[in-house]
Amino acid sequence: WVCHTPIRLRELIRTIRTARTQAEEREMIQKECAAIRSSFREEDNTYRCRNVAKLLYMHMLGYPAHFGQLECLKLIASQKFTDKRIGYLGAMLLLDERQDVHLLMTNCIKNDLNHSTQYVQGLALCTLGCMGSSEMCRDLAGEVEKLLKTSNSYLRKKAALCAVHVIRKVPELMEMFLPATKNLLSEKNHGVLHTSVVLLTEMCERSPDMLAHFRKLVPQLVRILKNLIMSGYSPEHDVSGISDPFLQVRILRLLRILGKGDDDSSEAMNDILAQVATNTETSKNVGNAILYETVLTIMDIKSESGLRVLAINILGRFLLNNDKNIRYVALTSLLKTVQTDHNAVQRHRSTIVDCLKDLDVSIKRRAMELSFALVNGNNIRGMMKELLYFLDSCDPEFKADCASGVFLAAEKYAPSKRWHIDTIMRVLTTAGSYVRDDSVPNLIQLITNSVEMHAYTVQRLYKALLDDISQQPLVQVASWCIGEYGDLLISGQCEEEEPIQVTEDEVLDVLEGLLVSNLSSPVTRGYSLTAIMKLSTRFSSVNRIKKVVSIYGSSIDVELQQRAVEYNGNDLLDLLGGNDVPVIPTTMPTKPASAGGELLDLLGDLSLGIPPMTAYNKNGLKIDFTFERANPNPNVAVITIHASNSTEADMTDFVFQAAVPKTFQLQLLSPSSNVVPALNQGTVTQVIRVLNQQKLRMRIKLTYIHKGSAVQDLAEVNNFPPQSWQ
Amino acid sequence: MIKAILIFNNHGKPRLIRFYQYFTEDMQQQIIRETFHLVSKRDDNVCNFLEGGSLIGGSDYKLIYRHYATLYFVFCVDSSESELGILDLIQVSCCSFEVFVETLDKCFENVCELDLIFHMDKVHYILQEVVMGGMVLETNMNEIVAQVEVQNRMEKSEGGLSAAPARAVSAVKNMNLPEIPRNINIGDINIKVPSLSPF
């Protein structure tokens, strides 16, 4: 029996990299994990650090490593720096406060915060500042506060960030760090300055009192910033010729918070902001980062208007920068300021519009949003030209938003009704499939209101349909228009352009074509069927229309069928009055209640004893279902609804509609009547035939007029007796 | 706040993963995959900011990344971070790695993927001196490297985790590995040539 020395981390890495497949890698990992586990069991102190390092490597690749958590704690408790270093790292990667085991670290961290070696103290601060729970923070806040006052800059800077974490976890403890902040800004060490500013920022953001208290630091912050800009070359802090740009950015941000809404503070920083804005070298990214931060600060505080214009002009210059990152942040900032400084941003409109042609998707999106924000009554024609061109050529992900934006802008600023209609047409024909569903009713409303343009609109839409019926929103709006203004189309009344010659049959051909086309969605079919029906009042070819409607009266598509049946009671349409294709039985609305029973006789044998059920009972309206099986087709369930009314007023114009899941087929026959008499003096019956093999579910819609007001209700019917569908 | 720092190669293989917010192991791997998916389909000539994927946090979070040869460096940050500043920070971190490798082994002039692979622990330690608890700790590269060096020497004097790194690197050089070290152009951060302040 030979005791194996655990392999080194680098050896493991090398081995795993020779694996040619995922399976091979997994096998190697499992083998090594087994070895590590047994090594842990042997409580080997020498190689524990090595084993945990390997475990962390495997964890990064996505393999489970939780069995190493306790080992990390043992490493943290060790005296060796190597052990502590990897142990703390392991704890930060594998543990968090959700695991109870993490509390065991508290004592170690406490001791290490007071260790004689600053790097051990540093490890403890780092770990506490990353993952310390609220309890740990409460326990150890005092130690952190002590270290915040040390003269050791390495520890002081870490203590500052650790304090930020403590405050985030236990906000009540913020007060105790206040004394230590007193001379933080007098530090010479930039690392300490940097994290101190972060700490001050955190405190100001969390507490208005702290914010007010720290306003007195503004002069000192301004001085530090000034020194950074004006100081000679300093090799330690120089980045591309700029002294510690990171610190400058941090200070600018704190100044922003302190200056916001406060006149005195804002005034105290005006000069330095102007100085930074005009003097910062912009050829490198670092300069731009500072400039950008300066602009944001100028915009947020109460700065002089001259300074604000300067800031926006800087942003405008950024838009012309070759660096796409600069262009991106500039557009983002302009978007934030366009409401408050609209005129200043308008000056850069053409540059912004140019960004619509940028290759970068993020930049394009920003440019689009900003362009819409800049549209007004003066520039609408020019802007819309650019935006429509953008709509034509942009990626699909933009089209819906762009179309919506165009509609909104057109509605607000259209210079003429004709222009408005033309713009809508352009959007519908070029991006018609991307237009949002809710645009359709809005567009219909718009067209309705543009009375003098009806003839022109319907003509243009009709012509568009001849070209292309694939874009559903376009087809829907066009169908609706033709239904409403088909008479204007036939009579060739268009004034805006050459009127086309078209006959009733040609129009009906187009609409019928929509009904049968595979490209049409069910909603679109609904629109076109409705349009056809409406034309019965405008066209003379009523017979043709009746034929179409009756075909769709028995359609499997329940929506269409319901639409067709809805028109049944309509005087104008009298469609189902004894014509040549009577799929739906042609009972007149005023037939007595027994009509349902006659139909049942036609349909065959009575039930096999399926019990009736109450499907609906609300506000005095009660609807019972009774069941039969049809003969000769036993798969068809025949349901008779019996509607009764217990209130003291009749329910008139009563319409019962039903819908079933797609796997079913449903046929709704005509009702016996559309008046449900008061005080249970009679019932309205109606027959539903359902072809079903599964559990039956149904959604019903009831509409009626009761005591002068219209009532509508939707309900689910789920309590069908099993025998009705088995 | 920085939510996560991810370094992975052109094939999405993780080289360094550090989360500053708790995610389960599964979530972590999913985030890595999703992030790789998002950055890898970006052209090299588009900007380095991306809206974050849905997993890591929603509309307040952005991915800021740089692509150097075979490696992606990705910082996932929230709106409290300066986007341009983070780009610089990535460069600072890269420079620190570069200097670290230089002091380690004179043979490599610029940091490459192999260095990150074989010195995963050291890379973590460097990062720890740059970012702490999701916040920027130190941006002076010389400071960072000096502090890491002292700690490395302390480890070495105790015997360290494993054999001296120089030996591992030369052993690696003798193997036929599929990946070829490439140079990484760090960009405009210049640590060697002093330039005069314009003021």
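Residues numbered from 1 in each chain as written. Chains lettered and ligands numbered in written order. Predicted model: local features only at pLDDT ≥ 70, side-chain atom pairs only at ≥ 80, totals over all residues. Heavy atoms only, no water.

The name given to chain B in an unreviewed UniProt entry is Adaptor related protein complex 3 subunit sigma 2, with the source organism recorded as Oryzias sinensis.

Looking at an unreviewed UniProt entry, one finds chain A named AP-1 complex subunit gamma, with Oryzias sinensis as its source organism. Note on chain A: under the UniProt heading Sequence similarities (unreviewed entry), the record states "Belongs to the adaptor complexes large subunit family." (UniProt positions renumbered as here; feature names shortened; annotations may be inferred.)

Enquirer: Is there a simple way to explain the overall build of chain A in this structure?
Expert: Looking only at helices and strands, chain A features 31 helices and ten strands. Residues counted as buried form 56% of the 726 residues belonging to chain A. Expressed as a percentage of contacts within chain A between residues at least 6 apart in sequence, the contacts between residues at least 24 apart total 67%. With an accessible surface of roughly 31700 Å², chain A has 49% of that area assigned to carbon and sulfur atoms. (Helix = DSSP H or I, 4+ residues; strand = E, 2+ residues; numbered from the N terminus. Buried < 20%, exposed > 50% of the residue type's maximum accessible area, 1.4 Å probe, protein only. Contact = heavy atoms within 4.5 Å. Areas by Shrake-Rupley, 256 points an atom, 1.4 Å probe, with all protein chains shown as cover.)

Enquirer: For this particular structure, what's the right way to read a negative patch on the surface?
Expert: Residue and element names in this part refer to chain A. A cluster of acidic residues, D264, E267, D271 and E304, forms a negative patch on the protein surface. Mapped onto the elements, E267 comes out in helix α14 (residues 263-279). Overall, the relative accessible area of 60% leaves E267 in the exposed class. (Patch = residues over 30% accessible without salt bridge, like charges linked within 9 Å, V, L, I, M, F, W, Y side chains within 5 Å. Salt bridge = Lys/Arg side-chain N within 4 Å of Asp/Glu carboxyl O. Lys, Arg positive; Asp, Glu negative; His and termini not counted. Charge placed at Lys NZ, Arg CZ, Asp CG, Glu CD.)

Enquirer: Please clarify how the packing of aromatic side chains should be interpreted in this entry.
Expert: The geometry of two aromatic rings is summed up by the distance between their centres and the angle between their planes. One pass over the full model with this rule turns up ten aromatic pairs over all chains. Among the aromatic side chains, those forming a connected cluster through ring pairs are A:F625, A:F627 and A:F720. Geometry around A:F67 places A:R37 over its ring, the cationic atom sitting 4.0 Å from the centre. It is A:R85 that lies over the ring of B:Y125; its NZ or CZ is 3.9 Å from the centre. (Phe/Tyr/Trp six-rings, centres within 6.5 Å; stacked < 30°, edge-to-face > 60°. Lys NZ or Arg CZ within 6 Å of the ring centre and 35° of its normal.)

Enquirer: What am I meant to see in the nonpolar core here?
Expert: Most often, soluble globular proteins have nonpolar side chains that are buried together. The biggest cluster of nonpolar side chains holds 204 residues, and the ones touching the most others in it are A:I109, A:F177, A:L199, A:I251 and A:V507. The contacts of A:F177, once residues within four sequence positions are left out, are A:A141, A:V144, A:E145, A:L148, A:A163, A:V166, A:I167 and A:M203. Within the second largest apolar cluster, 50 residues are counted, among which are A:L93, B:L63, B:Y65 and B:F118. (Core = buried A, V, L, I, M, F, W, Y, C linked by side-chain atoms within 4.5 Å.)

Enquirer: It is not clear to me how the sheet that holds strand β9 (residues 698-706) of chain A should be interpreted in this structure. Could you clarify?
Expert: In a beta sheet, neighbouring strands pair by backbone hydrogen bonds and run either parallel or antiparallel. Residues and elements named next belong to chain A. With antiparallel pairing, the three strands of this open sheet are ordered in space as β6-β9-β10. With one partner strand each, in any of the chains shown, β6 (651-659) and β10 (709-717) form the two edges of the open sheet. Pairwise comparison of adjacent strand axes, ignoring direction, gives a mean angle of 15° for this sheet. Note that β6 and β9 share seven bridges and pair antiparallel. Each bridged residue has a counterpart across the sheet, and for M651 the counterpart in β9 is H706. (Pairing = 2+ DSSP bridges. Axes fitted to C-alpha atoms, helices over the stretch in contact; angles between N-to-C directions.)

Enquirer: Looking at this model, I keep getting lost on the pairing of β9(A). Mind explaining?
Expert: Moving residue by residue along a regular strand, the side chains alternate between the two faces of the sheet. As defined by bridge partners, β9(A) adjoins β10(A) across nine bridges and the pair is classed as antiparallel. Bridge pairing in β10(A) places A:T703 opposite A:Q712.

Enquirer: Got a minute to help me understand the packing of helix α4 (residues 69-77) of chain A against helix α6 (residues 105-113) of chain A in this structure?
Expert: Helix-helix packing is described using two parameters, namely the angle between the two axes and the distance between the axes. Residue and element names in this part refer to chain A. Packing of α4 against α6 leaves a shortest axis separation of 10 Å and a crossing angle of 25°. In this view, α4 runs roughly parallel relative to α6, as classed from their interaxial angle. The two elements α4 and α6 cross, and the hand of that crossing is left-handed. For the pair α4 and α6, the contacting residues are L73, I76 and A77 in the first and M105, C108 and D112 in the second. (Parallel < 35°, antiparallel > 145°, perpendicular 65-115°, else oblique. Left-handed = near helix turned anticlockwise from the far one by under 90°.)

Enquirer: Is there a simple way to think about unusual backbone geometry in this case?
Expert: It is generally the case that most residues other than glycine have a negative phi and that most peptide bonds are trans. Residue and element names in this part refer to chain A. Look at N619: it is not a glycine, yet its phi comes out positive at around 55°. If you trace the backbone, N619 turns up in the loop between β3 (613-618) and β4 (621-629). Of note in the backbone geometry, K707 takes a positive phi value of approximately 50° without being a glycine. Mapped onto the elements, K707 comes out in the loop between β9 and β10.

Enquirer: What should I look at first to understand the side chain of A:D360 in this one?
Expert: Mapped onto the elements of the fold, A:D360 is located in the loop between α19 (349-354) and α20 (361-374). Despite being buried, A:D360 has no salt bridge partner; B:R42 is the closest side chain of opposite charge, sitting 4.0 Å away.

Enquirer: Is there a simple way to explain the pattern of salt bridges in this structure?
Expert: Side-chain pairs of opposite charge can arise whenever the charged atoms involved come near each other. Counting across every chain of the model gives 46 salt bridges over all chains. Ionic pairing is found between B:D121 and A:R10, a salt bridge with its closest N-O pair at 3.8 Å. In this pair, B:D121 is assigned in helix α4 (residues 120-130) and A:R10 in helix α1 (residues 9-17), connecting two distinct chains. B:D121 gets classed as buried once you look at its relative accessible area, which sits at 2%. The buried category is assigned to A:R10, whose relative accessible area is 5%. A network of salt bridges, in which partner residues are shared, links A:R10, A:R85, B:D121, B:K122 and B:E155.

Enquirer: Help me understand the confidence of the model for chain A, please; the structure alone is not making it clear to me.
Expert: If pLDDT is low for a region, its predicted coordinates should not be looked at in detail. Residue and element names in this part refer to chain A. When pLDDT is averaged across chain A, the result is 85; 89% of the residues are at 70 or more. Within chain A, the element-level pLDDT minimum falls on helix α31 (residues 595-603), averaging 32, and the maximum on helix α9 (residues 153-169), averaging 97. Note on residues 568-608: pLDDT is under 50 here. Beyond four places in sequence and across chains, it has 56 contacts. (pLDDT = per-residue confidence, 0-100.)

Enquirer: Just checking my understanding: could you explain helix α23 (residues 417-431) of chain A for this structure?
Expert: Every α-helical turn comprises 3.6 residues, leaving residues that sit three or four positions apart pointing alike. Residues and elements named next belong to chain A. The first and last C-alpha atoms of α23 sit 21 Å apart over 15 residues, in line with the 21 Å expected at 1.5 Å per residue. Those residues of α23 lying buried are W419, H420, I421, T423, I424, M425, V427, L428 and A431. Its buried side turned inward, α23 meets α21 (380-393), α22 (396-413), α24 (439-449), α25 (454-467) and α26 (472-490). (Expected span 1.5 Å × (residues − 1).)

Enquirer: Honestly, the packing of α25(A) against α26(A) in this entry has me stumped. Any pointers?
Expert: Residue and element names in this part refer to chain A. Taken N-terminus to C-terminus, the directions of α25 and α26 make an angle of 130°; their axes are 8 Å apart at the nearest point. In this view, α25 runs oblique relative to α26, as classed from their interaxial angle. In this structure, the crossing between α25 and α26 has a hand that is left-handed. Side by side, α25 and α26 meet where H454, A455, T457, V458, Q459, L461, Y462, A464 and L465 of the first sit next to L474, V475, V477, A478, C481, I482, Y485, L488 and L489 of the second.

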